[in-house]
Amino acid sequence: MGTPSPRAVLVLAAALAGLSAPRAAYGQPNFIVILADDMGWGDLGANWAETKETPHLDELAAEGTRFVDFHSAASTCSPSRASLLTGRLGARNGVTHNFAVTSVGGLPLNETTLAEVLRGAGYSTAVIGKWHLGHHGRHHPSFRGFDYYFGIPYSHDMGCTDTPGYNLPPCPPCPWHGAAARVARKDCYTEVALPLFENLAIVQQPVNLSSLAARYAEAAARFIRRASDSGRPFFLYLALAHMHVPLGVPPPPPASGRGIYGASLSEMDALVGRIKQVADSHGKGNTLLWFAGDNGPWAQKCELAGRVGPFVGAWQRQRGGSSAKQTTWEGGHRVPALAYWPGRIPAKRTSRALLSALDVFPTLVALAGAALPPNRRFDGVDVSPVLFGWSDVGHKVLLHPNSGAAGKDGEIEALRLAQYKAFYTTGGAMACDGSIGPAEHHQPPLIFNLDRDIQEQEPLDVASREYQAVLPAVSRAYAQALEDIATDNVSVADYSKDPAATPCCNAQHVACRCQAPGTHAAASDHGTERRAMRLCL
C-alpha cells in the first residue's frame, strides 16, 4: 500500500472532523439560557392550543426542538435555580428551600457553578434578572463566576416598589414616611424596597417594575453585542421576572381572554423574541438558546397564575390543595422547554425524552469542551444527543424533591421510572380557594402510569399485576438513589438570617430608598440612581 498524498490526508482529516462532536467541528458555541418564573406547561402556545399569547416562543419551537417531558429540578425558586447552575439536586448542593431578604447564606461556596466552569473555559459570562441564590457577601453572583450582573437579588414581590405590580393580595407602594412603614400587610414586604443591582452596586431602590422588562432586554442585548465583538464565546443566563406575578399592566394582546396574566405573558414572549433577534444577528449558527420554566404556576394567585395544561394532579385535587408549584405532582415540575440552534438542532421537532433542568450544566460543559468539577456526583446528564436529534432517550430515573407542599424540604419522596411515577409522600400546596392538601405518606408507594393517566387521577391497584411487576424496580431505583446521595460529597447551605444582610443602599431613608422624598426613582431609570451604592459584604 502506497503513502497517501497530502491532499488525501487533508480530505480524510476533514471527514473525521465532521464526525466529531459539535464543539470540535464548530468551535466553542455561545449559550443563552432563559429561565421563566412560575410559567405553566400550558402557557406555551406550542404546547396548549388555548394559549395565544406566545407567538415568538412558538416560532422558537417551530425553528427548533420542543421538549414535552422536561422537568424543573425542584418546584420552587431557589432549589430549582441552584440545581440548574450546579447539575445537582438540593439534597446534594444544600439548597432545599428559598432564601430570604435577610439571608446570610446562599448556594454553598464549595459548589461550583456553570458560570465558573465556562469562565474557566474562556467564556464571557453574565446573569441578568432574578438571582435568589444568596446576595450577601460572597454568595452574590459577582463572586459565583459571572463577569456581569444586572438584576434583582430575589423575587420581585419580595420588596416594596413605587410601581407595585399586580398581586393577590394587592400590596401597597413603598412608604415615604416612617409611620407608613409600620403598616403591615399579610404576604407583602413593606419595610424594605426592592433593589436593582448592577454588579456589586445597587443602582435603584426601589426598582421601577414598569420598565424592568425593557431594561433586562437592553442589558442582555448589550452583553451579547459586546461579547460577540470581543471574539470570545459567551454564556448569558437570563432569569426573567415573568411570570411570578405581573410586573404591571401592559396592553392586552389581540384576541386574548386572559386579562392581566395574558398581557404579562405576551410581554414576556416579546422580550424572548427580542433576545432571539439579537442572538441571530450576532452569531447565528453558533449560539444555542435554551428556554425553560423554573417550576409550575403559582396556583394560589388565582387569575394571576398560569396553566398546567393536562397535568392537573386530579388525585390531589380531590383531596384539597393545588397540584402545581411547590408540589411533586406533574403540574409542579413539568415545564415548557425549547432549544434553538440553527443548523445544529433540528427544526419542527418534538422530543418526548425525559429531561431535566439538571441536564443544562453537564450538556453545556460538554459542548464547551470543558470538564465537570471533580469529587462530586451529578444528577444531570449530557443530553446533547437528544438536542441534536441523534437520540430521544433521556433519563430512565428522575428524582423529584419535596418543595414546600409536603414532607421535609429537599428530601426525595417521589420519582419517575420510565412511564411510571411513584409517590412515597403526597400533599397539595395552597390553592386559589385557600385550601391546602394534607401530607400523606404511602408505603407501599402510590404509582401512576403516566402513559395512560397523565392527569395523575387513579394510581395503580396494589393488587394488580402491573403494580406488582413495577414495584420491585421502583424500590430498587429509590434505594439506589438514596444510597448514591448519602455517599456523595454533600453540601449544607446556611439558612441563618440577619437584618444586616438586607440589601440597602441608604439605611437613613425610609425603605432604604436611594434618594430623599420628592426625587422619585420612577422618573429616572438611568439618572440619579446610577451612583454606586455600597453593598454590605
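Residues numbered from 1 in each chain as written. Predicted model: local features only at pLDDT ≥ 70, side-chain atom pairs only at ≥ 80, totals over all residues. Heavy atoms only, no water.

Heads up, the rule is: UniProt positions are given in the numbering used here, feature names are shortened, and annotations may be inferred rather than shown by experiment.
The chain goes by Arylsulfatase G in an unreviewed UniProt entry, where it is assigned to Alca torda. Comment text from UniProt for the chain, heading Subcellular location (unreviewed entry), reads "Lysosome". The Sequence similarities (unreviewed entry) comment attached to the chain in UniProt states, word for word, "Belongs to the sulfatase family."

1. Let's talk about the packing of helix α8 (residues 212-230) against helix α9 (residues 259-281)
We apply this condition: Between N-to-C directions, angles span 0 to 180 degrees; the directions come from axes that are lines fitted to C-alpha atoms, helices contributing only their stretch in contact. Strands here mean DSSP runs of E at least two residues long; helices mean DSSP runs of H or I at least four residues long; both are numbered from the N terminus. Any angle that falls under 35 degrees is termed roughly parallel, while one over 145 is termed roughly antiparallel, one within 65 to 115 roughly perpendicular, and all others oblique. Put simply, a crossing is left-handed when the front helix is turned counterclockwise from the back one by less than a right angle, and right-handed when it is turned clockwise. Here, residues are in contact when the closest pair of their heavy atoms is within 4.5 Å. Residues are grouped as follows: Ala, Val, Leu, Ile, Met, Phe, Trp, Tyr, Cys and Pro are nonpolar; Asp, Glu, Lys and Arg are charged; every other residue, Gly included, is polar.
Their axes nearest at 10 Å, the elements α8 and α9 cross at an angle of 15 degrees. Comparing the axis directions of α8 and α9 gives the class roughly parallel. Viewed along their axes, α8 and α9 form a crossing whose handedness is right-handed. In contact with A213, A214, A217, E218, A220, A221 and I224 of α8, α9 contributes E267, L271, R274, I275 and V278. By residue class, the composition of the contact of α8 with α9 is nine nonpolar, no polar and three charged.

2. Comments concerning the environment of D58
For clarity, the cut-off: Exposure categories follow from relative accessible area, calculated using a 1.4 Å probe and restricted to protein chains: below 20% of the type maximum is buried, above 50% is exposed, and the middle band is partly exposed.
Mapping D58 onto the fold places it in helix α3 (residues 55-63). Its relative accessible area of 24% is what places D58 among the partly exposed residues. Separated by 14 residues in the primary sequence, D58 and L44 place their C-alpha atoms 7.3 Å from one another. Those residues in contact with D58 that sit more than four places away from it in its chain are L44, G45 and A46.

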